[in-house]
Amino acid sequence: MDIIEAVKTRKSIRKFKQEDLDLDQIKKIIEVSINSPSGGNAQNWFVYIIKNKDILDRMRNEVETVYEKITGKSAPGVYAFFNEAPVVLAVVQKPYIGALDAVIEKADANRNYDRKFIVNPGLQGVSSFITHILLVVHNEGLGACWMTGPLIAKPEIEKILGVKSPDNLVALIPIGKPVERQSKSSRTDIEEVIKIIE
Ligand SMILES: Cc1cc2nc3c(=O)[nH]c(=O)nc-3n(C[C@H](O)[C@H](O)[C@H](O)COP(=O)(O)O)c2cc1C
């Protein structure tokens, strides 16, 4: 698929056929996506490929339990459908310490706080990796959805998967053969999101 077409036609998929996916295809998707840029080429990501239905059900259960405990309501579908996909990727951010970190931390801790937690190059690298995954999934004729909603139960899911600090679970990506091909969601006009400085 042409890159422009891939970017323009990709959309979040939230309903999947109950068909298994080939593990080699998933590994290929990740292998291609590793070409993503990252700060200092740190490649500070790690991926759990979850195919085990019991584990996925336990994860969903935790999301629903925590959501209900906090809000008194049942979790809406957009938080909890991921266990219906044949494969779910759990994307973990590994620590990223840039070359500038030690220098700036000593000289100006406030400035470094903004850099680390607002600019957050470590998280930007992982986000780029996830974007690559979504596009490669689409190119393979599969569907996926980037999900942070379920991370309302981040510590509980990390415990199930065995993710330990300083690593951080940052997203789930259910992947499968799409049953839903709804129209693409709308986008803002380019003029609303640019300012030309000549
Ligand atoms: C950081 C991030 C978190 C998201 N979390 C969720 C989520 O928890 N549940 C969900 O159904 N979609 C989630 N989405 C998907 C967005 O809703 C979706 O990308 C957006 O509505 C645009 O639609 P499109 O992906 O079909 O173009 C997330 C997307 C991003 C980038």
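Relevant structure appears above.
In short, a report on the structure. (Residues numbered from 1 in each chain as written. Predicted model: local features only at pLDDT ≥ 70, side-chain atom pairs only at ≥ 80, totals over all residues. Heavy atoms only, no water.)

1. Digging into empty space enclosed by the protein
Empty pockets left among the atoms are what a rolling probe the size of a water molecule brings to light.
Next up, step 1: According to the stated counting rule, one finds one cavity of 30 Å³ or more in the structure shown.
Next up, step 2: Considering only enclosed or pocket space, the largest cavity measures out at about 70 Å³ in volume.
Next up, step 3: Considering the residues around the largest cavity, the lining is formed by ten residues, among which Arg 10, Lys 11, Leu 142, Gly 143 and Ala 144 are closest to the centre.
Next up, step 4: Listing elements by their share of the lining of the largest cavity, those giving two or more residues are helix 7 (121-139) and strand 3 (143-144).
Next up, step 5: It is helix 7 that provides the largest number of residues to the lining of the largest cavity, a total of three residues.
Next up, step 6: Partitioning the lining of the largest cavity into residue classes produces five nonpolar, two polar and three charged. (1 Å grid on protein atoms, 1.4 Å probe; cavity = no way out; pocket = protein on both sides within 12 Å on 5 of 7 lines; lining within 4 Å. Points joined across faces, edges and corners; volume = space filled by probe spheres on them. Helix = DSSP H or I, 4+ residues; strand = E, 2+ residues; numbered from the N terminus. Nonpolar A, V, L, I, M, F, W, Y, C, P; charged D, E, K, R; others polar.)

2. With respect to the sheet that holds strand 2 (residues 87-93)
Next up, step 1: Taken in spatial order, the four strands line up as 1-2-4-3 in an open sheet, and their pairing is antiparallel. For this open sheet the edge positions go to strand 1 (45-50) and strand 3, each flanked by a neighbour on one side alone.
Next up, step 2: The sheet contact formed by strand 2 and strand 4 (residues 168-176) spans seven bridges and is antiparallel. Across the sheet, residue Val 87 finds its bridge partner in strand 4, namely Ile 175. (Pairing = 2+ DSSP bridges.)

3. Re the pairing of strand 2
Next up, step 1: Among the seven residues of strand 2, seven are classified as buried, and the element is accordingly described as predominantly covered.
Next up, step 2: Judged by which residues are buried, strand 2 turns out to be covered on both faces: Val 87, Leu 89, Val 91 and Gln 93 on one side and Val 88, Ala 90 and Val 92 on the other are all buried.
Next up, step 3: Direction of pairing for strand 1 relative to strand 2: antiparallel, over a ladder of six bridges. The residue of strand 2 that forms the bridge with Ile 50 is Val 88. (Buried < 20%, exposed > 50% of the residue type's maximum accessible area, 1.4 Å probe, protein only.)

4. Structural notes on helix 7
Next up, step 1: The first and last C-alpha atoms of helix 7 sit 27 Å apart over 19 residues, in line with the 27 Å expected at 1.5 Å per residue.
Next up, step 2: Where helix 7 is concerned, the buried positions are Gly 122, Gly 125, Val 126, Ser 128, Phe 129, Ile 130, Ile 133, Leu 134, Val 136, Val 137 and His 138.
Next up, step 3: The inward-facing, buried residues of helix 7 abut helix 1 (3-9), helix 2 (23-33), strand 1, strand 2, strand 3 and strand 4.
Next up, step 4: Looking one or two places after helix 7, you find Gly 141, whose phi comes out positive at around 80°. (Expected span 1.5 Å × (residues − 1). Contact = heavy atoms within 4.5 Å.)

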